[in-house]
Amino acid sequence: MSTTHGQHHEIQNRHMNHDPPSGHDKHAGHDPAAFRRKFWLSLVLTVPIVVCSRMVMEWFGYDISGVAWVGPTLGTVVFVWGGQPFLAGALSELRSRSPGMMMLIAMAITVAWSASMASSIGWFDLDFWWELAALVTIMLLGHWLEMSAVMRAKGALDALAKLLPDEAERVSEDGTTTTLRSSELVVGDVVLVRPGARLPADGTITEGTAELDESMITGESRPVLRTTGDHVVAGTVSTDAAIRISVSAIGDDTALAGIGRLVAAAQDSKSKAQALADRFAAMLFYFALVAAAITFTVWALLGRMDRAVTNTVTVLVIACPHALGLAIPLVIAISTSMSARAGILVKDRMALEEMRTVDAVLFDKTGTLTKGEHVVTAYRSVTVGDDDALLRIAASIESDSEHPLARAIVKAGEGIGNVPKATGFQSSTGRGVEATIDGRLYAIGGPALLRDRNAVIPASVEKDVADWEGRGAAVLSVFEGSRILGALALEDAIRPEAAEAVRELNKLGLRTIMITGDSKSVAASVGKQLAIAEVFAEVLPEDKSKTVAELQRRGLVVAMVGDGVNDAPALAQADVGLAIGSGTDVAIESAGVILARSDPRAVLSVIRLSQATYRKMLQNLGWAAGYNIITVPIAAGALSWAGIGIPPAVGAILMSLSTIVVALNAQLLRRTEL
């Protein structure tokens, strides 16, 4: 698919203009292709420099005359052209007064070049050109591999950009279709999406029913049935049927673009571990500078100018905080792209990092643990064995009603068979509705209807009704004339995933808490079914944040999970706010993490990702710091008495290997099961 125009081009532009991850914004030319080109040309030039080196010829017992010019000429080309990214990066660090890895590398290769040139002029008796060329070449290889790893980790934005099709089919008023660029669509257009095609914009289905693959937005692998009136999101795929949608959002206003902005912001944000790494890298620069100065001074006083130069260069190279600079940014880039693919949108890196420390998870009930819509959970006929007939009669009476409870009854009735046709539908506000079926007048309603008709619940269903009311269900009675036929119970359906989520959180030793504005009986019933440790009921939306504060005063680190609308103050008050909802809720300002699919089990995924990410950060920091503590003294010559030392080229190899180890360890984060 072409990626040269359309809305996804806009997303790509934001990505291409995006800074590299924290810690790598000081690179002078962070394009892996540029490092690759410089590496290969430097390698080609390094080969003759090594072959023509007097030291190497002595090692292998051969002699080539008339090649003294090769080292100074080709070595200078390698230094100036191959070392250009490091020299430019050092100038940038110098201007910003933030010395770091680029300045150390630039100092090392500049000292090596100066010593080599001085030797060629006759001031020293050193053969250092081949080591300078090898040093620059190996450093280029390390940077190429490093930046390639970073760019691969940041590929989440490229993947998002490719989700939008270049073209769309706009439907005219006469029913004909016109193919145009997706970027040319405007709000209000109607577009045709054929089976297997991606939606070019956000909108509402106006015609048709199809199963949509929304995995790229929500992380949910199974297709979701969408029909007329449902909101749909750009980038999703109609798997089995053609649908028409009325465009409601295009370009930067789409959910996909919003997700792209979140991914980009999260990849660039800094965490506590990153701040620690930055401070350590700055300290390491001055440590390396002092170590290099001491190394040069001591060896020079000992009369070993050759060792003074070579060991100083090695110290500068090997102490380069390259692995330290990569340790955190690469983990951040990988974890953020992983979370985006799993439908976990990280707005605030600190929120993700804090998630591993939470003691309690506070769930809002409606829309989080429950579906936020009533379903028929039980029904009983006064006449034993006639329960299904009762439900079909109730569905027939309610068939012309738009009330949410009525729609739930109709849906349940249609699920067990044909619903008879009703006529003469009439509604009485606050009491119920009535209609005629086969010439008989029926009615359905709640307690008000019972009072109006001076009726009582028959003894045969009295116990069932008491149980339903005890757990907070809405109970409706069905009448034929003045005779009660039976009763139905409707409840806000608990999400099937909620029980598993709470169970697993309890296993982790976290305190699970539920908060709701519903009555205490309803809250207690849901809490009991889900085995939630603590329940707060009859809490007004504006008071939810006070409840969070109360939990925090107990000493608990609280993660709040809500729908991000009336829960906004509580989400902001919590140590970590997680907004749960549809893939379109990407602009919720009050939450640090957005769960694109309405599955409370995603909270467990966030905890696992937080723990794994932090573990990788600490491992990388430990390796990067430990490597310098061990190798710098050896590079300075502390073990020369035992015949152990590190030449500059070997130092460059070790430094690059350290960087590669950090990169590979970060890649292991991908094995984490979310």
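Residue numbering note: each chain is counted from 1, following its sequence as written. Owing to the predicted nature of the model, reporting of local features is limited to residues with pLDDT of at least 70; listing and counting of side-chain atom pairs is limited to 80 or more, with chain, interface and lining totals taken over all residues. As a rule here, side-chain values cover all heavy atoms of the structure and leave hydrogens and water aside.

Asks: Please clarify how the overall build of the protein should be interpreted in this entry.
Replies: In DSSP terms, a helix is any run of H or I states spanning at least four residues, a strand is any run of E spanning at least two, and both are numbered starting from the N terminus. Check the secondary structure of the protein and you find 25 helices and 22 strands. Burial analysis of the protein (674 residues in total) assigns 52% to the buried set. Within the protein, contacts between residues separated by at least 24 positions form 69% of all contacts whose residues are at least 6 apart in sequence. All accessibility values rest on the Shrake-Rupley procedure with a 1.4 Å probe; residue burial counts only the protein chains present in the view. Surface accessibility of the protein: about 29,100 Å² in total, with carbon and sulfur atoms responsible for 56%. To sort residues, take the accessible area from a 1.4 Å probe on protein chains only and compare it with the maximum for the residue type: under 20% means buried, over 50% means exposed, and anything in between is partly exposed. Any pair of residues with heavy atoms lying within 4.5 Å of one another is described as a contacting pair.

Asks: What should I look at first to understand empty space enclosed by the protein in this one?
Replies: Gaps left between atoms are located by rolling a probe of water-molecule size over the structure's atoms. Cavities and pockets were defined on a 1 Å grid built over protein atoms only: a cavity is a set of grid points that admits a 1.4 Å probe from which the probe cannot escape, a pocket is an open set flanked by protein on both sides within 12 Å along at least five of seven lines, and lining residues are those with an atom within 4 Å of any such point. Grid points are joined across faces, edges and corners, and a volume is the space filled by probe spheres set on the points. By the definition in use, this model includes one cavity of 30 Å³ or more. Put simply, the largest cavity is a space of about 40 Å³. R349, L352, E353, S610, T613, Y614 and M617 are the residues that line the largest cavity. Elements supplying a minimum of two residues to the lining of the largest cavity: α14 (349–354) and α24 (602–636). Among the elements that make up the lining of the largest cavity, the one with the highest residue count is α24 (four residues). Class assignment of the residues belonging to the lining of the largest cavity gives a composition of three nonpolar, two polar and two charged. For this classification, the nonpolar set comprises Ala, Val, Leu, Ile, Met, Phe, Trp, Tyr, Cys and Pro, the charged set comprises Asp, Glu, Lys and Arg, and every other residue, Gly included, is treated as polar.

Asks: How should I be thinking about the side chain of T236 in this particular structure?
Replies: Relative to the helices and strands, T236 is located in the loop between β7 (231–232) and β8 (237–238). For T236, a relative accessible area of 1% puts it in the buried group. What qualifies as a polar contact is a pair of N or O atoms within 3.5 Å, subject to a donor-acceptor requirement within protein and to the restriction that residues adjacent in sequence count only when both atoms come from side chains. From its side chain, T236 meets the backbone oxygen of V233 in a polar contact 2.6 Å long.

Asks: Mind showing me how you'd approach the sheet that holds strand β9 (residues 243–249) here?
Replies: Two strands in a sheet stick together by hydrogen bonds in their backbones, pointing the same way (parallel) or opposite ways (antiparallel). Pairing is antiparallel in the open sheet, where six strands are placed in the order β2-β1-β3-β9-β4-β7. Of all strands in the sheet, those bounded by a partner on one side alone are β2 (177–181) and β7. Strand pairing is assigned whenever DSSP identifies at least 2 bridges connecting the two strands. Of the pairings in the sheet, the one linking strand β1 (residues 167–171) to strand β3 (residues 190–193) comprises two bridges and is antiparallel in character. Note that in β3 the partner of E169 across the bridge is L192.

Asks: Would you mind going over the sheet that holds strand β11 (residues 360–364) with me for this structure?
Replies: Taken together, seven strands build an open sheet; the order of strands is β10-β22-β21-β20-β11-β18-β19 and the sheet is mixed. Edge positions in the sheet fall to β10 (344–346) and β19 (534–536), since each has one partner strand and no second. Geometrically, the sheet is characterised by an average inter-axis angle of 20 degrees between neighbouring strands, direction not taken into account. Axis definition: a line fitted to C-alpha atoms, limited for helices to the stretch in contact. Angles are taken between N-to-C directions and run from 0 to 180 degrees.

Asks: Sorry if this is basic, but what is going on with the pattern of salt bridges here?
Replies: When a carboxyl oxygen of Asp or Glu is within 4 Å of a side-chain nitrogen of Lys or Arg, the pair counts as a salt bridge. Per the stated rule, a full pass over the model turns up 16 salt bridges. Of the charged contacts in the structure, one is a salt bridge between R170 and D189, with a shortest N-O distance of 3.3 Å. You can see R170 sitting in strand β1 and its partner D189 sitting in the loop between β2 and β3, a full 19 residues away along the chain. We classify R170 as partly exposed; its relative accessible area is 29%. Between E434 and R453 there is a salt bridge, with the nearest N and O atoms lying 3.6 Å from each other. Placement of E434 in strand β14 (residues 432–437) and of R453 in the loop between α18 (447–452) and α19 (459–470) is noted, with a sequence separation of 19 residues between them.

Asks: Would you take a moment to explain the environment of V603 for this structure?
Replies: Locating V603 in the fold gives a position in helix α24. We classify V603 as buried; its relative accessible area is 0%. Sequence spacing of V603 and L505 is 98 residues, and the spatial spacing of their C-alpha atoms is 8.8 Å. Among residues more than four places away in sequence, those in contact with V603 are M355, V361, F363, L505, V561 and L595.

Asks: Would you mind showing me how to read the nonpolar core here?
Replies: A general tendency of soluble globular proteins is for nonpolar side chains to be buried together. I49, F86, I109, L132, M139, V313 and V315 are the most contacted members of the largest nonpolar core, which totals 48 residues. Elements represented by at least two residues in this core include exactly α2 (32–51), α4 (70–82), α5 (84–95), α6 (101–121), α7 (129–153), α11 (272–301), α12 (305–318) and α24. Put simply, buried Ala, Val, Leu, Ile, Met, Phe, Trp, Tyr and Cys residues joined by side-chain atoms within 4.5 Å make one nonpolar core.

Asks: Explanation requested: the packing of aromatic side chains in the structure shown.
Replies: Pairs of aromatic rings are described using the distance from one ring centre to the other and the angle between the two planes. Whether two aromatic rings pair depends on their centres lying within 6.5 Å, for rings of Phe, Tyr and Trp, where Trp uses its six-membered ring; planes under 30 degrees apart make the pair stacked, over 60 edge-to-face, and the rest tilted. Considering all chains together, one arrives at three aromatic pairs under this definition. Ring geometry for F35 against F86: centres 6.5 Å apart, planes inclined by 40 degrees, an arrangement best described as tilted. One end of the pair, F35, is in helix α2; the other, F86, is in helix α5, with 51 residues separating them in the sequence. Neither residue differs from the other here; F35 and F86 are each classed as buried. One residue, K38, lies across the ring of W81, its end atom 4.0 Å from the ring centre. Any Lys NZ or Arg CZ found within 6 Å of a ring centre and within 35 degrees of that ring's normal is scored as a charge over the ring. The ring of F479 carries R453 above its face, with NZ or CZ at 5.2 Å from the centroid.

Asks: How should I be thinking about the environment of S335 in this particular structure?
Replies: Position of S335 among the secondary structure elements: in helix α13 (residues 322–341). Sequence separation between S335 and Q667 is 332 residues, and the spatial gap between their C-alpha atoms is 9.6 Å. Other than its neighbours up to four places away in sequence, S335 contacts R349, L352, L609, T613 and L669.

Asks: Would you mind going over the packing of α4 against α5 with me for this structure?
Replies: Where α4 meets α5, the axes come as close as 5 Å, and the angle between the chain directions of the two elements is 50 degrees. Judged by the inter-axis angle, α4 sits oblique to α5. Of the residues in α5, those in contact with F79, V80, W81 and G82 of α4 are Q84, P85, F86 and L87. Along the lines of polarity and charge, the residues of the contact of α4 with α5 split into six nonpolar, two polar and no charged. Any angle that falls under 35 degrees is termed roughly parallel, while one over 145 is termed roughly antiparallel, one within 65 to 115 roughly perpendicular, and all others oblique.

Asks: Would you take a moment to explain α12 for this structure?
Replies: Helices are assigned an expected span. That span is 1.5 Å times one less than the residue count. Taking 1.5 Å as the rise per residue, α12 with 14 residues should run 20 Å; its terminal C-alpha atoms sit 20 Å apart, in good agreement. All buried positions along α12 are accounted for by A308, V309, T310, N311, T312, V313, T314, V315, L316, V317 and I318.

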